[in-house]
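Structural overview for review
Here is what each chain is made of, one letter per residue.
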Amino acid sequence: MLVHFIKKTSVALSMGAMFLLGLSAHAAQIHAQCQDDDLTVVVLGSGGPELDDGRASTGYLIQEQGKARFLIDFGAGTSLNFERAGGRIEDLYALLFSHYHVDHSNDLPALIKASFFSSRSQDLPIYGPTGNHIIPSTSVFIERQFGQTGAYPYLSDFLSGDANFAIRPIDVNADLKHPQIFSKQINGFTVKAMPISHGLLPSLAWRIEKNGCSVVVSGDTSNQGHTLDALVKGSNIFIAHNAVPEHSHDNVATHLHMTPSEIGRIANLGTNSLVLSHFMKRSQDHHHTQNAIKTQYQGKLQFANDCDIYSVKTGDKIGQCL
Ligand SMILES: [Zn+2]
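The following paragraphs examine the structure supplied in this document. Per-chain numbering applies: the sequence of each chain, read as written, is numbered from 1 onward. Selection of residues for local features in this predicted model requires a pLDDT of at least 70, selection of side-chain atom pairs for listing and counting requires 80 or more, and totals for whole chains, interfaces and linings are taken over all residues. The side-chain figures draw on all heavy atoms in the structure; neither hydrogens nor water molecules are used.

1. Some thoughts on the packing of aromatic side chains
Convention followed: Note on ring pairs: Phe, Tyr and Trp rings are taken, using the six-membered ring of Trp, and paired if centres are within 6.5 Å. Classes follow the plane angle, with under 30 degrees stacked, over 60 edge-to-face and the rest tilted. Relative accessibility thresholds used throughout: buried, under 20% of the residue-type maximum; exposed, over 50%; partly exposed, between the two (1.4 Å probe, protein chains only). Only runs of H or I of at least four residues qualify as helices and only runs of E of at least two qualify as strands under DSSP, and these elements are numbered from the N terminus. The rule for a charge over a ring is simple: NZ of Lys or CZ of Arg within 6 Å of the ring centre, and within 35 degrees of the ring normal.
Applying the stated criterion across every chain yields a total of 12 aromatic pairs. Relative to Y100, the ring of F97 has its centre 5.4 Å away and its plane inclined at 40°; by these criteria the two rings are tilted. Judged by its relative accessible area of 2%, F97 falls in the buried class. Exposure remark for Y100: the relative accessible area of 7% places this residue in the buried category. For the pair Y127 and F182, a centre-to-centre distance of 5.9 Å together with 50° between the ring planes defines the contact as tilted. Of the two residues, Y127 is situated in strand β5 (residues 124-129) and F182 in strand β7 (residues 182-186); the sequence distance between them amounts to 55 residues. When its relative accessible area of 5% is taken as the criterion, Y127 is described as buried. Members of the aromatic cluster, connected to one another through ring pairs, are F70, Y93 and F189. Its guanidinium or amino end placed over the ring of F116, K113 lies 4.6 Å from that ring's centre, counting from NZ or CZ. When the ring centre of F165 is taken as origin, the NZ or CZ atom of R120, which lies over that ring, is 5.5 Å away.

The following block contains the structure:
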């Protein structure tokens, strides 16, 4: 309610008045720039790789007027929640992957097989990171699943173009030595990616923009080198992966993931709404997480659950697809 009021009256309000209303001037500016009521993001999976946490693994769906437009990651369990969210494969503009750990990519073959029973006729681009010596690039990863000598050769028509549509893998630079923002116009949206640090694994954070509105998904990252920072500034929603607690003694985990205070530092660079996701059992103490984040960031903070639906414009949860 407050945010709607701010939007209608922000032109007339002084910055001081905005602070008195409890909303930072920066957050109000970001909110006012967003001129689209039709964009929503659905958390298809708010968990990591664990199978005893009551959560699907990672995935997000960007919708426009309730229609599926972009998938960002598609881990185990997300295909069921895509269905619950009313997602239709025919409506998707592109798939975007942060990296190819199992918890971010495992439901992809289910989506490609299911598309056989859809009426999709448009080619489907799949954007994801370049590879290195420990993990294949997007194009090789897709070939190893759907190529004629891949794991699912019976689906190879989707790669060869002999099916009703073709999947088109596209490698996006994930080299941290050359961390440049990738930007692509796709059906009226601007899609951006930035290389991020996730141990030795080439990985990307993603930003989807339209009509002054934007959603950023951090991917899994320790944010060494701070490459994520530039992507988050001025975003309506920043979805950040909270896989480790603030005082973790697990050196491997902290090499791969951000601490809550680091998430707070990034959010404080300029987002209207911070949404935490990719929880693990070790990071399930939300009270401690919230306290650590608040040392750096005092804006809107929400803890995602599977099937939560958020308005991009307001950054608020507006429903559930379960
Ligand atoms: Zn993960």
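2. A closer look at empty space enclosed by the protein
Heads up, the rule is: Of the two site types, the cavity is a set of points on a 1 Å grid over the protein atoms alone where a 1.4 Å probe fits but cannot get out, and the pocket is an open set with protein on both sides within 12 Å along at least five of seven lines, each lined by residues with an atom within 4 Å of a point. Grid points are joined across faces, edges and corners, and a volume is the space filled by probe spheres set on the points. Here the term charged refers only to Asp, Glu, Lys and Arg, the term nonpolar to Ala, Val, Leu, Ile, Met, Phe, Trp, Tyr, Cys and Pro, and the term polar to all other amino acids, Gly among them.
Overall, the coordinates contain one cavity of 30 Å³ or more when judged by the stated rule. Reported here for the largest cavity is a volume of approximately 50 Å³. Taken together, L39, I62, F189, I208, E209, K210, C213, S214, V215 and V312 make up the full set of residues lining the largest cavity. When contributions to the lining of the largest cavity are tallied by element, the ones reaching two or more residues are β9 (203-210) and β10 (213-217). Across the lining of the largest cavity, the residue classes break down as seven nonpolar, one polar and two charged.

Geometric descriptors of this kind do not, in isolation, establish any biological role.
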